[in-house]
Amino acid sequence: MIKTRFAPSPTGYLHVGGLRTALFNYLFARKYGGQFVLRIEDTDQSRQVEGAVENLLNTFTRLGIDFDEGPTQGGEKGPYFQSQRLDIYHKHIQLLLDANTAYPCFCSEDRLKEVRAKRQAEKLNTPYDRHCVSIPQNLAIEMMKSQPYVIRLKSPESETVSFKDAVRGEVSFNSDEIDDQVLMKTDGFPTYHFANVVDDHLMGITHVIRGEEWLPSTPKHVLLYRYFGWTLPTFAHLPLLLNPDRSKLSKRQGDVAVEDYLAKGYLPEALLNFVALLGWNPGDDREIFSIAQLEQEFSIDRIQKSGAVFDVEKLKWMNGAYLKDLPLEKLSEIARPYFKDAGLEIPDETTYQKIVDFARKRISLMTEIVSESSMFYQLPEFSPEDLDLLRKKSSKTVLQYWLDQVPRKPVWTEGEIKELLKSTTQDFQVKGRDLYFPLRLALYGSCHGPDIPALIDILGTDEATVRLTRALQK
RNA sequence: GGCGCAUUCGUCUAGUGGUUAGGACGCUGGCCUCUCACGUCGGUAACAGGGGUUCAAUUCCCCUAUGCGCUACCA
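Residue numbers here run from 1 along each chain, matching the order of that chain's written sequence. As they are written, the chains are lettered A onward and the ligands numbered 1 onward, keeping that order. Confidence filtering applies because this is a predicted model: local features only for residues at pLDDT of at least 70, side-chain atom pairs given and counted only at 80 or more, and all residues used for totals across whole chains, interfaces and linings. Side-chain measures here rest on the full set of heavy atoms in the structure, leaving out hydrogens and waters.

### What about the protein's contact with RNA strand B?
Rule in force here: Proximity criterion: a residue is near a molecule or strand once any of its heavy atoms comes within 4 Å of it. Whenever two N or O atoms come within 3.5 Å, that pair is a polar contact, provided that in protein one can donate a hydrogen and the other can accept it, and provided that, for residues adjacent in sequence, both atoms are side-chain atoms. Going along the chain from the N terminus, every DSSP run of H or I of four or more residues is numbered as a helix, and every run of E of two or more is numbered as a strand. Lys, Arg, Asp and Glu make up the charged group, whereas Ala, Val, Leu, Ile, Met, Phe, Trp, Tyr, Cys and Pro make up the nonpolar group; the residues left over, Gly among them, are polar.
In the vicinity of RNA strand B, 63 residues are found, and the nearest of them are K123, T186, N281, E287 and H448. In this structure, a phosphate oxygen belonging to RNA strand B sits 3.0 Å away from a side-chain N or O atom of K248. Backbone polar atom of V309 to a phosphate oxygen of RNA strand B: 3.0 Å apart, as the coordinates give it. Sorting the residues of the surface near RNA strand B by element identifies α4 (109-121), β4 (150-153), β6 (169-174), β11 (308-309), α11 (312-325) and α18 (433-444) as the ones contributing at least two each. Class assignment of the residues belonging to the surface near RNA strand B gives a composition of 20 nonpolar, 16 polar and 27 charged.

### A few points about the sheet that holds strand β7 (residues 182-184)
Put simply, the rule is: Strand pairing is assigned whenever DSSP detects at least two bridges linking the two strands. Between N-to-C directions, angles cover 0 to 180 degrees, with each direction set by a line fitted to C-alpha atoms, over the stretch in contact for helices.
If you walk across this open sheet you meet the three strands as β3-β4-β7, and the pairing is antiparallel. The sheet terminates laterally at β3 (102-105) and β7, the two strands that pair on one side only. Direction aside, the axes of adjacent strands within the sheet are offset by 45° on average. Summarising the sheet, β3 and β4 pair through four bridges and their orientation is antiparallel. If you follow Y103 over to β4, its bridge partner there is R152.

### A look at helix α13 (residues 349-360)
Which entries qualify depends on this criterion: One fewer than the residue count of a helix, multiplied by 1.5 Å, yields its expected span. In this scheme, a residue with accessible area under 20% of its type's maximum is buried, one over 50% is exposed, and one in between is partly exposed, where area comes from a 1.4 Å probe on protein chains only. Contact definition: two residues touch when any of their heavy atoms are within 4.5 Å.
Helix length check: α13 (twelve residues) gives 16 Å between terminal C-alpha atoms against 16 Å at 1.5 Å per residue, within 8%. Within α13, burial applies to T351, Y352, Q353, I355, V356, F358, A359 and R360. Buried residues along α13 sit in contact with α11, α12 (328-341), α14 (369-373), α18 and α19 (452-473).

### Some words on the packing of α18 against α19
The criterion, for reference: Working definition: roughly parallel below 35 degrees, roughly antiparallel above 145 degrees, roughly perpendicular at 65 to 115 degrees, and oblique for all remaining angles.
The geometry of α18 relative to α19 is characterised by a closest axis approach of 8 Å and an angle of 80° between their N-to-C directions. Between α18 and α19, the crossing angle belongs to the class labelled roughly perpendicular. The residues of α19 that touch α18, namely those facing Y436, L439, R440, A442, L443 and Y444, are I452, L455, I456, L459, A464, R467, L468 and A471. For the contact of α18 with α19, the residue count by class is twelve nonpolar, no polar and two charged.

### A look at the pairing of strand β8 (residues 207-211)
Cut-off, in case you're wondering: Crossovers are described as right-handed under a simple rule: with the strands pointing away from the observer, the path leading from the first strand over the helix to the second runs clockwise.
Extensive coverage of β8 is indicated by the burial of five of its five residues. Inspection of the sheet shows β8 paired to strand β9 (residues 234-238) by five bridges, in the parallel sense. Bridge pairing links H207 to T234 in β9. For the segment spanning β8, helix α7 (residues 218-228) and β9, crossover handedness is right-handed.

### Topic: the side chain of E41
Looking at the element boundaries, E41 is found in the loop between β2 (35-38) and α2 (52-63). Taking the relative accessible area as the measure of exposure, E41 reaches 6% and is therefore buried. Within the structure, the side chain of E41 is placed 3.1 Å from the side chain of Q82, a separation counted as a polar contact. Apart from the residues lying within four places of it in its own chain, the contact partners of E41 are A7, P8, S9, P10, Q82, Y192 and N196.

### Here's the deal with the side chain of T465
Examined against the element boundaries, T465 turns out to sit in helix α19. For T465, a relative accessible area of 18% corresponds to the buried category. Polar side-chain contacts of T465 include one of 2.7 Å to the backbone oxygen of T461. In contact with T465, other than residues within four places in its own chain, are L403, V406 and P407.

If you want it as structure tokens, here you go:
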């Protein structure tokens, strides 16, 4: 049984990189009928953010990504907050202590800083100098009663620690380069390195799919699995998501929170689709995938090794593609709140959908739908150039003729409007721009825009009459 | 500095021991059309460099360069 997990620290919002990691874990589990777990890594007490978990959960809900086990749905392997698993970690650290594969360290932060600074000055690497490793066990136990301490991993000497990464193949490190990592902090909380190994094992995680930034600390984790006598999960380290300058995707260079993209009018489906294609591809030219299709197609061996720039331009295009393809009724529903928020009265359903259908072709974000269709709601405003055009003699002739004709029918068909256009040309010798521009300007507020028949269709006879009258008065 | 990972158009990427190195975004030209948008048909642009191995390397190996990541009692 495949089991994957997404294990974020609750920093306040879901990062798009986190979304990609979560998505890959989700897809992999779904593809093989496995389980997907959400675990909150809240072991850093100094970085607690109010409401962060709720916000995270909410974002996943909006995206339609659901978990089989986690804070909301519970599960047999809980609790799913690391801060609630402290006794588990203490029990396990004792195992290590007993086996002498971990040891207490009483060094002060100042001393550690000093040692590090000295090594750095000599241009050497800066691991812990193992000052406390040789304290006799009985003495250490005494000291633990009276002094603050941390528990450190005891890294073996001069051997190669290697593991097979599902994305990168064999990766190996010299154990001398592996720091005696702190496993338990002075405050009694575990560090990430310790908690994630214990939890992944206890929760039955079979595949650890996470960002490449974890690759250098994986040997520490491998060591822990070994010390506990546990079997290694399969590791798969995902290529980083990058800023346009190819540094690790960060806040400084644009939006990084999923909720920000949602707020900007990106559809969840489009965002998911786009992010799925960052570091993974189906092996052919297809680019538009529903979540269901992705669940079918996803595979770890098609994951890319090198980092991927998060290209907002392409995201926009993809979002636009979704907007153009969505069933009109569905898009209209999605668009409704945007109109409401803008305080625009939604006309009868048929007209409303015509407006949405018109606007969808020229927007790439949902938030643009209001401005792109506001001309149907608001009377046109004219610039000095517009006024010049409207006041031209031929323009007046056309507008007057249309004002005479349009009110004659409550509803005009496309064919009838075309006829009217034709007869205008015949009767008054105006055609091309001299005909269309004044009409469009009067009805729509711009020389550029929809066909005249479409305009009359959406506006209706009454509104068209009002606008023609108004334009003639200018 | 140390360690690790990576390197195909500007970006996301396909691909193979012999290909006109393919697609998509962007940019751009044409068509459609009164216009704009949509659509559609084209164009643009890449195998980091140097050594090998081989009849033949973008593809396999080594080195260099470059980029990125990690180097906390943060995750």
